[in-house]
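# Structural overview
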Amino acid sequence: MFNQDTISRFQNIETPFYYYNMEVLGQTLAACHAASSKYGFHVHYAMKANFNPKVLEMIQSFDFGADCVSGGEVMAAIEHGFGKEKVVFAGVGKSDKEINAALDVDIFCFNVESVQELVIINDLAKAKNKTAGVAIRINPNVDAHTHHYITTGLDENKFGINTWQLGDVAETLRGCKNLQFLGIHFHIGSQITDLEVYRSLCIRINEMQDWFEDRGFKVKVLNAGGGLGVDYYNPDTNTIANFEGYFKVFKDFLNVKPGQEVHFELGRALVAQCASLISRVLYVKNGQKKNFLVLDAGMTELMRPMLYQAYHEVENISRQWAVGSGQLSSPGVGRSESSEDKPTHPSPLTTHYDVVGPICESTDCFRKDVPLPESFRGDLIAVRTAGAYGEVMASGYNLRTKAESVYSE
Ligand SMILES: *Cc1c(COP(=O)(O)O)cnc(C)c1O
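Fair warning: this is a prediction, and the values are worked out from it, not measured in the lab. (Residues numbered from 1 in each chain as written. Predicted model: local features only at pLDDT ≥ 70, side-chain atom pairs only at ≥ 80, totals over all residues. Heavy atoms only, no water.)

### Here's the deal with the pairing of strand β16 (residues 380-383)
With burial as the criterion, each face of β16 is covered, one bearing L380 and A382 and the other bearing I381 and V383. Where strand β11 (residues 275-286) and β16 come together, 4 bridges link them in antiparallel fashion. Bridging from a neighbouring strand, R280 pairs with L380 of β16. Judged from the 3 bridges that link them, strand β13 (residues 314-316) and β16 form a sheet pairing that is antiparallel. From the neighbouring strand, N316 faces β16, where its bridge partner is I381. (Buried < 20%, exposed > 50% of the residue type's maximum accessible area, 1.4 Å probe, protein only. Helix = DSSP H or I, 4+ residues; strand = E, 2+ residues; numbered from the N terminus. Pairing = 2+ DSSP bridges.)

Given below as structure tokens:
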């Protein structure tokens, strides 16, 4: 839902654009902070979900750490004021250049994804006469019950080190004098809403830390990664992710020993609900079998539906009060006499549209068969819950210009 003032403001902004509701972001961050600090847990924000400068600024102000998956993200985290002692760096393919850059700024921890990578980090640290903190990213073979495109913790995934390779890891660690073993790391997937999955993860983490301690390694850091899901179907009534329930699972089932730290890496749950992609209807194509709304935004602005069949609420915010009530109170439409395309009376009719973008790809479709009030050229369409993995995946395909960001305050 957008209030009338906000919609009036939208009328004067060139579409498409990302609209950031900073109040929603602040409330989400506060909720996460409260729920995690209750147990003394450390939260790192997964930068890849959204690295919009204003968003980063606000996240940093809550004193979260940063979880990075590239050298560029490590640099951006430092530039935006995240403490280097709170920066962790994961990624299955860290280049030498990226490792060196992270060594130069003395990050807290490399989350290492192969035995070979351990050796390389050790060599590069040695050349700089430094010691690199490392955690072993273990593939726990836990099924995240999420979409198979975004599950990462199964044996068949490219991420992490499988348990049968841990003997090799232990031996390598003993020989690497420029590495400091900090602990173990896990990340099993994204958009996980079934908290049972995290209970299974806790059990695996307990087993794995015992494995290392039995072999004489002190496990200081237990890093459970991220993946907590949000409600893409109810952005207005269920805005804040279930941080309370999430952290409580770890409090209840993780075997935390004295001196140990528990770390998390949340991305989506912190930023997904704070943004919407706002676009305009360019054309309405009525076919015999299908009606299309052709928007001025497409996969170049928000790729999730096309990349992994993701669901987003799609709303015609120019007519959001028209359905059901038969009353038209939307500011954009009330003053629309000048446009011959728009009726001066509301249409309470619900029509089903395939909501598509302008890009020259058949997959450039946000959603099929969306029930919407009868819609017209110039109507504003909001694609909700677009704050995570939205703007960051924008591309210049078709030589499109980058959509602007607009903030609520
Ligand atoms: C992407 C990623 C995260 C964050 O995942 P979300 O689903 O956005 O919470 C955390 N850790 C690692 C290693 C990641 O790659």
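### Points about the pattern of salt bridges
This model, assessed by the stated rule, comprises 18 salt bridges. Salt-bridge contacts for D210 lead to K257; the nearest nitrogen and oxygen are separated by 3.1 Å. Linking D210 in helix α8 (residues 196-214) with K257 in the loop between α9 (243-253) and β10 (261-266), this pair joins segments that are 47 residues apart in sequence. Judged by relative accessible area, D210 falls into the partly exposed class, the value being 32%. Residue K257 is classed as partly exposed on the basis of its relative accessible area of 24%. Linking D354 and K290 is a salt bridge whose minimum nitrogen-to-oxygen distance equals 3.0 Å. Residue D354 is located in strand β14 (residues 350-356), and its partner K290 is located in the loop between β11 and β12 (291-295); the two are separated by 64 residues in the primary sequence. (Salt bridge = Lys/Arg side-chain N within 4 Å of Asp/Glu carboxyl O.)

### Quick word on the site of the ligand
By nearness alone, 16 residues border the ligand, and K48, S190, E265, R268 and Y389 come closest of all. The separation between a nitrogen atom of the ligand and a polar side-chain atom of E265 is 2.7 Å. Within the side chain of Y389, a nitrogen or oxygen atom sits 2.5 Å from an oxygen atom of the ligand. For the ligand, the cavity whose grid points lie within 2 Å of the majority of its atoms is the largest pocket. Taken together, the residues that form the shell around the ligand break down as 5 nonpolar, 6 polar and 5 charged. (Near = heavy atom within 4 Å. Polar contact = N/O pair within 3.5 Å; in protein donor to acceptor, adjacent residues only side chain to side chain. 1 Å grid on protein atoms, 1.4 Å probe; cavity = no way out; pocket = protein on both sides within 12 Å on 5 of 7 lines; lining within 4 Å. Sits in = over half its atoms within 2 Å of the grid points. Nonpolar A, V, L, I, M, F, W, Y, C, P; charged D, E, K, R; others polar.)

### Structural notes on the layout of surface pockets
What the largest pocket holds in volume is close to 580 Å³. Lining of the largest pocket is provided by 31 residues; of these, K48, T152, F159, H187 and Y389 occupy positions nearest its centre. Secondary structure elements with two or more residues in the lining of the largest pocket: β10 and α10 (268-271). (Points joined across faces, edges and corners; volume = space filled by probe spheres on them.)

### As for helix α3 (residues 53-61)
Residues V55, L56, M58 and I59 constitute the buried set of α3. The buried residues of α3 occupy an angular sector of 165° when projected down its axis, which confines them to one face. Exposed residues lying more than 90 degrees from the buried face of α3 are E57 and S61. On its buried face, α3 sits against β1 (17-20), α2 (22-37), β2 (42-46) and α10. (Arc of directions from axis to C-beta. Contact = heavy atoms within 4.5 Å.)

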